[in-house]
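This is what each chain is made of:
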Amino acid sequence: MKAVNTGDEKLSLSEVNMDYYRFYDTDLYGIEEYDIIGEEYRRLIETCCKYSTVLALSMVNFGEEIIHFDELDKFKIRSVRHIIKINRAEVLNKEIVYYRVCPELCKILVNYVDSIFKWVHTSEFSNPEDLTFFREDGTVFFSSCIHEGVLTLCPQNEDVSEILKNPLWINSKNDERWKTFGYVETSIDETDFLEEMTFGKSRDEDCLK
């Protein structure tokens, strides 16, 4: 099975995809605020589900119990737990949970919130974060770093023309902000797990419909 990494070397998004696109939640100066909401949000999620087989969500909390997303439990494949400590004090619990993508899962994502940037855990929202959609071969189709306000769309041969009608999606070749502020490319480091998966099988019969 083709995978994102070769041996011990993990490929960056720019190496996996020649062209990709970014959407930021503010303008360059942080004055104007942007979002993907309503019908545009629905179209984005449905497109991600159409071309992907696995969804990853980050369940995070600071010094408390990790939140859970019970609505998707029956599609769960596996979870990976991360604990970050500073001076022996636990400051961040993080659990990346992988789900099988299917029409029912897609419907839940569309109806759960009405905005892509509401996938965040703050004082206002207690939601999972950083939706990442993987293709069947393990490569990333869409990723998000919600706290940083950055979305990344990585089309190969897929039709994403409806999504890119929004002029706020910036081609990576023209993305001066990324270079100026020195962002690190969004990635999920559990690609070894993705290599082990049998993407054609499902734990739930609903996913096969």
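In this report, we go over the structure that sits alongside the text. (Residues numbered from 1 in each chain as written. Predicted model: local features only at pLDDT ≥ 70, side-chain atom pairs only at ≥ 80, totals over all residues. Heavy atoms only, no water.)

### With respect to empty space enclosed by the protein
Then comes step 1: Per the counting criterion, the structure on display carries two cavities of 30 Å³ or more.
Then comes step 2: Roughly 50 Å³ of volume is contained in the largest cavity.
Then comes step 3: The wall of the largest cavity is formed by Ile36, Glu40, Arg43, Leu44, Glu162, Ile163 and Trp169.
Then comes step 4: Broken down by class, the residue content of the lining of the largest cavity amounts to four nonpolar, no polar and three charged. (1 Å grid on protein atoms, 1.4 Å probe; cavity = no way out; pocket = protein on both sides within 12 Å on 5 of 7 lines; lining within 4 Å. Points joined across faces, edges and corners; volume = space filled by probe spheres on them. Nonpolar A, V, L, I, M, F, W, Y, C, P; charged D, E, K, R; others polar.)

### Notes on a nonpolar patch on the surface
Then comes step 1: A cluster of nonpolar side chains, Leu28, Tyr29 and Ile31, forms an exposed patch at the surface whose accessible area comes to about 390 Å².
Then comes step 2: Tracing the sequence through the fold places Leu28 in the loop between β3 (21–24) and α2 (38–51).
Then comes step 3: Judged by relative accessible area, which is 45%, Leu28 ranks as partly exposed. (Patch = residues over 30% accessible without salt bridge, like charges linked within 9 Å, V, L, I, M, F, W, Y side chains within 5 Å. Areas by Shrake-Rupley, 256 points an atom, 1.4 Å probe, with all protein chains shown as cover. Salt bridge = Lys/Arg side-chain N within 4 Å of Asp/Glu carboxyl O. Helix = DSSP H or I, 4+ residues; strand = E, 2+ residues; numbered from the N terminus. Buried < 20%, exposed > 50% of the residue type's maximum accessible area, 1.4 Å probe, protein only.)

### Here's the deal with α2
Then comes step 1: With 14 residues, α2 extends 21 Å from end C-alpha to end C-alpha; this agrees with the ideal 20 Å at 1.5 Å per step.
Then comes step 2: Taken residue by residue, α2 has Tyr41, Leu44, Ile45, Thr47, Cys48 and Cys49 as its buried positions. (Expected span 1.5 Å × (residues − 1).)

### A short note on the packing of aromatic side chains
Then comes step 1: Summed over all chains, the structure comprises six aromatic pairs.
Then comes step 2: Here the aromatic cluster, defined as three or more aromatic residues joined through ring pairs, consists of Phe23, Phe117 and Trp169. (Phe/Tyr/Trp six-rings, centres within 6.5 Å; stacked < 30°, edge-to-face > 60°.)

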